[in-house]
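Observations on chain architecture
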Amino acid sequence: MVLKERMDGLLGAAVERGDVPGVVAVVVNREGVLYEGAFGKRNLTTGAPMTIDTVCWIASMTKAITGACTMQLVEQGKLDLDAPAEQWVPMLKEAQVLEGWDAEGKPKLRPPTRPITLRQLLTHTAGFSYEFWNADILRYQQVMGVPNIASGRIAALKTPLLFDPGERWEYGISIDFAGLAVEAVSGKKLSAYMQDHLLGPLGMNDTAFKIRPDMRARLATIHARGEDGALAPMEFELPQDSEFDLGGGGLYGTASDYARFVRMVLNRGELDGVRVLDAETVDLMCQNAIGDLRVTPMKTVMPQFSNDAEFFPGLPKGWGVTWQVNLEPAPTGRSAGSLQWAGIANSYFWIDPVRGIGGVYMTQILPFADTKSLPLFEAFETEVYRALS
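Conventions used here
Residues numbered from 1 in each chain as written. Predicted model: local features only at pLDDT ≥ 70, side-chain atom pairs only at ≥ 80, totals over all residues. Heavy atoms only, no water. Helix = DSSP H or I, 4+ residues; strand = E, 2+ residues; numbered from the N terminus. Buried < 20%, exposed > 50% of the residue type's maximum accessible area, 1.4 Å probe, protein only. Pairing = 2+ DSSP bridges. Axes fitted to C-alpha atoms, helices over the stretch in contact; angles between N-to-C directions. Contact = heavy atoms within 4.5 Å. Arc of directions from axis to C-beta. Parallel < 35°, antiparallel > 145°, perpendicular 65-115°, else oblique. Left-handed = near helix turned anticlockwise from the far one by under 90°. 1 Å grid on protein atoms, 1.4 Å probe; cavity = no way out; pocket = protein on both sides within 12 Å on 5 of 7 lines; lining within 4 Å. Points joined across faces, edges and corners; volume = space filled by probe spheres on them. Nonpolar A, V, L, I, M, F, W, Y, C, P; charged D, E, K, R; others polar. Phe/Tyr/Trp six-rings, centres within 6.5 Å; stacked < 30°, edge-to-face > 60°. Lys NZ or Arg CZ within 6 Å of the ring centre and 35° of its normal. Core = buried A, V, L, I, M, F, W, Y, C linked by side-chain atoms within 4.5 Å. Salt bridge = Lys/Arg side-chain N within 4 Å of Asp/Glu carboxyl O. Expected span 1.5 Å × (residues − 1).

Our focus in this paragraph is the environment of P313. Turning to its location among the elements, P313 is positioned in the loop between helix 9 (279-286) and strand 11 (317-319). On the basis of relative accessibility, which here comes to 61%, the residue P313 falls in the exposed class. Between the C-alpha atom of P313 and that of S373, which follows or precedes it by 60 residues, the distance is 17 Å.

Written as structure tokens, this is what we have:
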């Protein structure tokens, strides 16, 4: 009851202030749901209410699900974390390192010193980036006519590496290649494999790459925050006829569905008697997998899509498969060794294996790391730990 009162008060007040148009939040432990609530509107123009079963674009929260699918196939010996990934995804053979620009403004490229491994793809150490946070990638797209990743076109994956594989951490399109590796060895589209081997078994029935009619009836609209701080609905949707399933950011789903995925991780690969991953595999996924490298701040070059973004500035952060790992306790109350990531439209999750709790928070706002929504997520998490202490 304490948790419900605090969460309802916090989230309800934020909506009343107009900080966010609408929000859905779920808190779970290994046994079940501790809290769920929905407040505000899924569309400020139509007034349609935000509900527990509201469907959101979960964007890069897709990555962890694709990572789990990838690790299922690693378990089976069909994929190898430390083998060159080009054996499953031949287009990786074409990857070149961007060294700069010539006098005519054309990119200067060279071959990488080593092949890209699956582990590097899953940990964002392969060398790829996103145009939202890297001016060279944005320039390369413009100069070379390469579409952005939200186009759903396979040509969007033909951007250069920024460094030789394994040299540092840089957030980018790597997980989309992991999704293609899943397709190569399973013989199925990523969407079909995911449905058959993860989403279906976990009962995540409202999560998919393609928006079904019943999902569309519950779909939240993305709202853009203007320079004056005001929120307005915007037209944005990933192509429903994309050339490939975007394993790095293509899923639509509900907070309740994602909370089932969180509970599976808390239970080391099992949920409601259904096992989708070996316990040892989940343990491996939850460990820092980038050694002495660290997650670095993401500095925006496209402020309409993202603000500068970093979780817990000043704390050392590693990366597992495929999420951030905070290496020290966080000020919210989160234990060291907890997991977290997010979607660009301001959806967030965390998983605390030490305390056995996790949370999912979804709004639909651009730009990322929104000045009102991200602090609300952090306040939500903080209040969860206070209420459960």
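This part takes up the sheet that holds strand 13 (residues 338-343). Within a beta sheet, neighbouring strands are joined by backbone hydrogen bonds and run either parallel or antiparallel to one another. Ordered in space as 2-1-15-14-13-12-11, the seven strands form an open sheet in which the pairing is antiparallel. Edge positions in the sheet fall to strand 2 (33-40) and strand 11, since each has one partner strand and no second. If you compare each strand with its neighbour and ignore which way they point, the axes differ by 15 degrees on average. Of the pairings in the sheet, the one linking strand 1 (residues 22-29) to strand 2 comprises seven bridges and is antiparallel in character. When the sheet's bridge partners are listed, V28 is paired in strand 2 with V33. Set on the sheet, helix 10 (residues 373-388) makes contact with strand 1, strand 2, strand 13, strand 14 (347-352) and strand 15 (357-362); between it and strand 14 the angle comes to about 30 degrees.

Moving on: helix 6 (residues 190-199). For helix 6, the complete set of buried residues consists of L190, Y193, M194, L198 and L199. Looking straight down helix 6, one finds its buried side chains confined to an arc of 145 degrees; they lie on one side. In the core, the buried residues of helix 6 are packed alongside helix 2 (62-75), helix 5 (174-186) and helix 8 (255-266).

Bringing the packing of helix 2 against helix 9 into the picture now. The interhelical angle for the contact between helix 2 and helix 9, taken along N-to-C directions, is 130 degrees, at an axis separation of 11 Å. Comparing their axes, helix 9 and helix 2 come out oblique. Taken as a pair, helix 2 and helix 9 cross one another with a handedness that is right-handed. Facing G67, A68, M71 and E75 of helix 2, the residues of helix 9 in contact are T281, L284 and M285.

Another point: empty space enclosed by the protein. Under the counting rule described, the total for this entry stands at four cavities of 30 Å³ or more. By volume, the largest cavity amounts to about 110 Å³. For the largest cavity, the lining is made up of 13 residues, of which F209, P239, S242, L246 and G250 are closest to its centre. Considering only residue class, the lining of the largest cavity consists of seven nonpolar, four polar and two charged.

On to the packing of aromatic side chains. Per the stated rule, a full pass over the model turns up 28 aromatic pairs. Between the aromatic rings of F128 and F177, the centroid separation amounts to 4.8 Å while the plane-to-plane angle is 25 degrees, which identifies the pairing as stacked. Of the two residues, F128 is situated in the loop between helix 3 (118-123) and helix 4 (135-144) and F177 in helix 5; the sequence distance between them amounts to 49 residues. Each of the two residues, F128 as well as F177, counts as buried. The ring of W101 has R139 lying over it, and the distance from NZ or CZ to the ring centre is 4.1 Å.

Looking now at the pairing of strand 15. Within strand 15, six of the six residues are buried, leaving the element largely enclosed by the surrounding structure. A two-sided burial pattern is seen for strand 15, the buried positions comprising I357, G359 and Y361 on one face and G358, V360 and M362 on the other. Between strand 14 and strand 15, which pair antiparallel in sequence order, lie four residues; one of them, G356, sits at a positive phi of approximately 75 degrees.

Moving on: the nonpolar core. Residues F128, F177, Y258, F261, W323 and F368 are the most contacted members of the largest nonpolar core, which totals 131 residues. With eight residues, helix 8 is the single largest residue contributor to this core. Excluding residues that lie within four positions of it along the chain, W323 makes contacts with A64, F261, V265, M285, C286, G318, L339, Q340, F349 and I351. Core analysis: the second largest hydrophobic core is formed by seven residues, I137, V146, L162 and F163 among them.

With that out of the way, let us pick up the pattern of salt bridges. Close approach of charged atoms allows side chains with opposite charge to pair. Tallied over the entire structure, the rule returns 22 salt bridges. For the salt bridge of D206 with R212, the shortest nitrogen-to-oxygen distance reads 3.0 Å. With relative accessibility at 17%, the residue D206 sits in the buried group. Here D370 ties to R225 by a salt bridge, and the two come within 2.5 Å at their closest N and O atoms. Of this pair, D370 sits in the loop between strand 16 (365-366) and helix 10 while R225 sits in strand 6 (residues 223-225); the two residues are 145 residues apart in sequence, bridging distant segments of the chain. Residues participating in the shared-partner salt-bridge network are D206, R212, D214 and R218.

Okay, the sheet that holds strand 6 next. The strand order across the open sheet built from three strands is 7-6-16, with neighbouring strands paired in mixed fashion. Strands with a single pairing partner mark the edges of an open sheet, and in this sheet they are strand 7 (231-233) and strand 16.

Counted as a void, the largest pocket has a volume near 400 Å³. Together, 29 residues line the largest pocket, and W57, F132, I149, A150 and I344 are the ones closest to its centre. Counting only elements with at least two residues in the lining of the largest pocket, the list comes to helix 4 and strand 13. Of the residues forming the lining of the largest pocket, the biggest block, three residues, is contributed by strand 13.

For helix 8, with twelve residues, the first-to-last C-alpha span of 16 Å sits near the 16 Å given by 1.5 Å per residue. The set of residues buried in helix 8 consists of A255, D257, Y258, A259, F261, V262, R263, M264, V265 and L266. Positioned one or two residues after helix 8, R268 has a phi angle of 55 degrees, which is positive.

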